[in-house]
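Listed here are the chains, written in short residue letters.
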Amino acid sequence: MKKNLLIMCFVLAIIPASSQEKLSLNDCIIIGFKNNLTLKNKSLDIAKAKLVNKQSVWNNLPRINFGASQDYEYGFNIEPTTNTRINEDFLSNDLALNASVDVFNLAKLKRQSKTKIDLLKSVVDLDADRKILLINIVQYYLEVMFNKEYVSILENQLLESENQLDRLNKALSFGYISKSELYDAEAEYAIDKKNVLIGKNSTRRSILNLFNLLNYKANIDEVEFVDVKFELDTTPIGDKRKLIAKTLNNNNQITSAKYNLESAKKQVEIYRAQYFPTIKLQYQLESFFTKSLSNPDDDYDSFNSQLRNNQTNFIGASISVPIFNGLQNRYDVQIAKVEYEKAKIDQEIVTNNINYQVQQTLQDLENAISTYETSLQVVHAALESFRMSRLKYEQGKINAFNFAAAKENSLKAEIELLDSKYKIYFFREKLKIFSIK
């Protein structure tokens, strides 16, 4: 019985741990790409652009219409068989099939070309937003991992303060120290405890920020984050110019700006094409049926016979030449030219911004590497200084103030090393994302 009870307790103890969801960086990327509302909107933009492009293609096909009418004519009318004017009522039906096709419509062709460019731009815009989201996911995920390590460092500091507080309590019970020394240790312990609480709150806030970015609904306490397996590469960047050139060549935002410029150029061509004439071919098949209402016994051909006998066919071509429309075309062209010049400037702005971001990231990476290498030496010295200060403090050779200062210095050095390490992680990954197509 006791054995079964122990097994049940063991099972109940491990269930909460096994129910925790584990999230790696790759998991977050998959979730973000699936749930992000901005990407969903961009996907709908692509679907819309595809439909607009198809619509412009199908718009080149002939237009076919069928029409039918039924009329009642009262009083004096034209007798259809003798073509004389009589006082008689008639019922008539008219059937017509019309077809027309544009032989030459330059504006329509330019519009179709523009829809292709707009479709390509919408695809590139989606890729650009994916890159931006990917960078943000990496940044937010690394913030979570940084805060977890940061809390671990603070907990070690708290443990040290707790050990010293226990030691001093025992020393006070034997009368080796005064109460003022114990109060200093209690104050230091309270500060470290508060720092741990602040660190844990920062961790929860960083997780909330990540979940909000991913549009992911989950309980923070039920998610465990898998440690990032990035390689800490402190080697400096080799050929910076080559990396910048590759980034500018592969950047989707710059490609989108180029498509935007081409689209604006096509819009100018569309408005200019409206100065050209349009040529259209037309065909019409028509027939009618007539019956007297005043003399229903009159000998009229049947409905089908009249439709066959009264058929008329028409085929022709028409040309429409724009001459004057209140200067609307002229101003449309001028406005489109202004938009084209704006698109040129926008392309230059985007290129300059991306170039600046890459160079800034390169500089940030160099600074992070320098800080990390310096911090390694500082941490080694600070930890050794803290170890010696702890020995002296426990031997009563230094006071609590000097011990706290040494402990604070070691904490600052460890945090600076941790911060520079995660900055190297992030800036390396950011440069990789920048350079991929």
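You'll find the structure just up there.
These numbers come from a predicted model, not from an experiment. (Residues numbered from 1 in each chain as written. Predicted model: local features only at pLDDT ≥ 70, side-chain atom pairs only at ≥ 80, totals over all residues. Heavy atoms only, no water.)

Draft legend 1. Inspection of the overall build of the chain at higher detail. When its secondary structure is counted, the chain shows ten helices and eight strands. Computed over its C-alpha atoms, the radius of gyration of the chain comes to 41 Å, more than 25% above the 22 Å expected for a compact globule of 437 residues. Considering only C-alpha atoms, the chain reaches an extent of 140 × 70 × 35 Å along its principal axes. Relative to its 437 residues, the chain shows a buried fraction of 35%. The long-range fraction of contacts in the chain, counting pairs at least 24 apart against all pairs at least 6 apart in sequence, stands at 83%. Element-wise, carbon and sulfur atoms account for 55% of the exposed surface of the chain, whose accessible area totals about 27,200 Å². Of the charged side chains in the chain, 57 are positive and 54 negative, and the gap between their average positions amounts to 6 Å. (Helix = DSSP H or I, 4+ residues; strand = E, 2+ residues; numbered from the N terminus. Rg over C-alpha atoms; globule rule 2.2 N^0.38 Å. Buried < 20%, exposed > 50% of the residue type's maximum accessible area, 1.4 Å probe, protein only. Contact = heavy atoms within 4.5 Å. Areas by Shrake-Rupley, 256 points an atom, 1.4 Å probe, with all protein chains shown as cover. Lys, Arg positive; Asp, Glu negative; His and termini not counted. Charge placed at Lys NZ, Arg CZ, Asp CG, Glu CD.)

Draft legend 2. Spotlight on the packing of aromatic side chains. Under the counting rule described, the total for this entry stands at ten aromatic pairs. Arranged with centres 5.2 Å apart and planes meeting at 80°, the rings of Phe211 and Tyr216 form a pair that is edge-to-face. Three or more aromatic residues joined by ring pairs form one cluster here, namely Tyr141, Phe211, Tyr216 and Phe225. Of note, Arg167 hangs over the ring of Tyr393, and the distance from its end group to the ring centre comes to 5.2 Å. (Phe/Tyr/Trp six-rings, centres within 6.5 Å; stacked < 30°, edge-to-face > 60°. Lys NZ or Arg CZ within 6 Å of the ring centre and 35° of its normal.)

Draft legend 3. Summary view of the pattern of salt bridges. In this structure the tally under the stated criterion is 19 salt bridges. With its nearest N and O atoms 2.4 Å apart, the salt bridge here joins Lys108 to Asp102. Take Lys108: its relative accessible area is 10%, and that puts it in the buried class. Overall, Asp102 belongs to the partly exposed group, its relative accessible area being 26%. With its nearest N and O atoms 3.6 Å apart, the salt bridge here joins Arg130 to Asp127. Within this pair, Arg130 and its partner Asp127 are both found in helix α4 (residues 106-173), separated by three residues, close to a single helical turn. Where salt bridges share partners, they join Lys110, Lys266 and Glu269 into one cluster. (Salt bridge = Lys/Arg side-chain N within 4 Å of Asp/Glu carboxyl O.)

Draft legend 4. Structural view of α4. Here α4 contains 68 residues, and its C-alpha end-to-end distance of 100 Å stays within 8% of the 100 Å for a straight helix at 1.5 Å per residue. Count one or two residues on from α4 and you reach Gly175, which has phi positive near 80°. (Expected span 1.5 Å × (residues − 1).)

Draft legend 5. Spatial organisation of helix α5 (residues 179-214). In this model α5 runs 53 Å from its N-terminal to its C-terminal C-alpha over 36 residues, within 8% of the 52 Å that 1.5 Å per residue would give. Phi turns positive, to about 55°, at Asn215, one or two residues after α5.

Draft legend 6. Representation of the nonpolar core. Counting 59 residues, the largest nonpolar core has Leu23, Ile137, Tyr141, Leu142, Phe211 and Phe225 as its most contacted members. When residues of this core are assigned to their parent elements, the largest contribution, 15 residues, is made by α4. Excluding anything up to four places from it in sequence, Tyr141 contacts Leu23, Ser24, Leu25, Cys28, Leu210, Phe225, Val226 and Val228. Judged by nonpolar contacts, the second largest core, of twelve residues, contains Ala185, Ala400, Phe403 and Ala406. (Core = buried A, V, L, I, M, F, W, Y, C linked by side-chain atoms within 4.5 Å.)

Draft legend 7. Seen up close, the environment of Phe211. As for its placement among the helices and strands, Phe211 is situated in helix α5. C-alpha separation for the pair Phe211 and Ile137, spaced 74 residues apart in sequence, amounts to 9.6 Å. Setting aside residues up to four positions removed in sequence, Phe211 forms contacts with Leu23, Tyr216, Ala218, Ile220, Val223 and Phe225.

Draft legend 8. Geometry of the side chain of Gln164. Its place among the elements puts Gln164 in helix α4. Residue classification places Gln164 among the buried positions, given a relative accessible area of 4%. Within polar-contact distance, the side chain of Gln164 engages the side chain of Glu394 at 3.1 Å. When residues no more than four places from it in sequence are discounted, the contact partners of Gln164 are Arg390, Tyr393, Glu394 and Phe403. (Polar contact = N/O pair within 3.5 Å; in protein donor to acceptor, adjacent residues only side chain to side chain.)

Draft legend 9. Here's a closer look at the environment of Arg85. Mapped onto the secondary structure, Arg85 falls in strand β4 (residues 84-87). With 134 residues separating them in the primary sequence, Arg85 and Asn219 have C-alpha atoms 90 Å apart.

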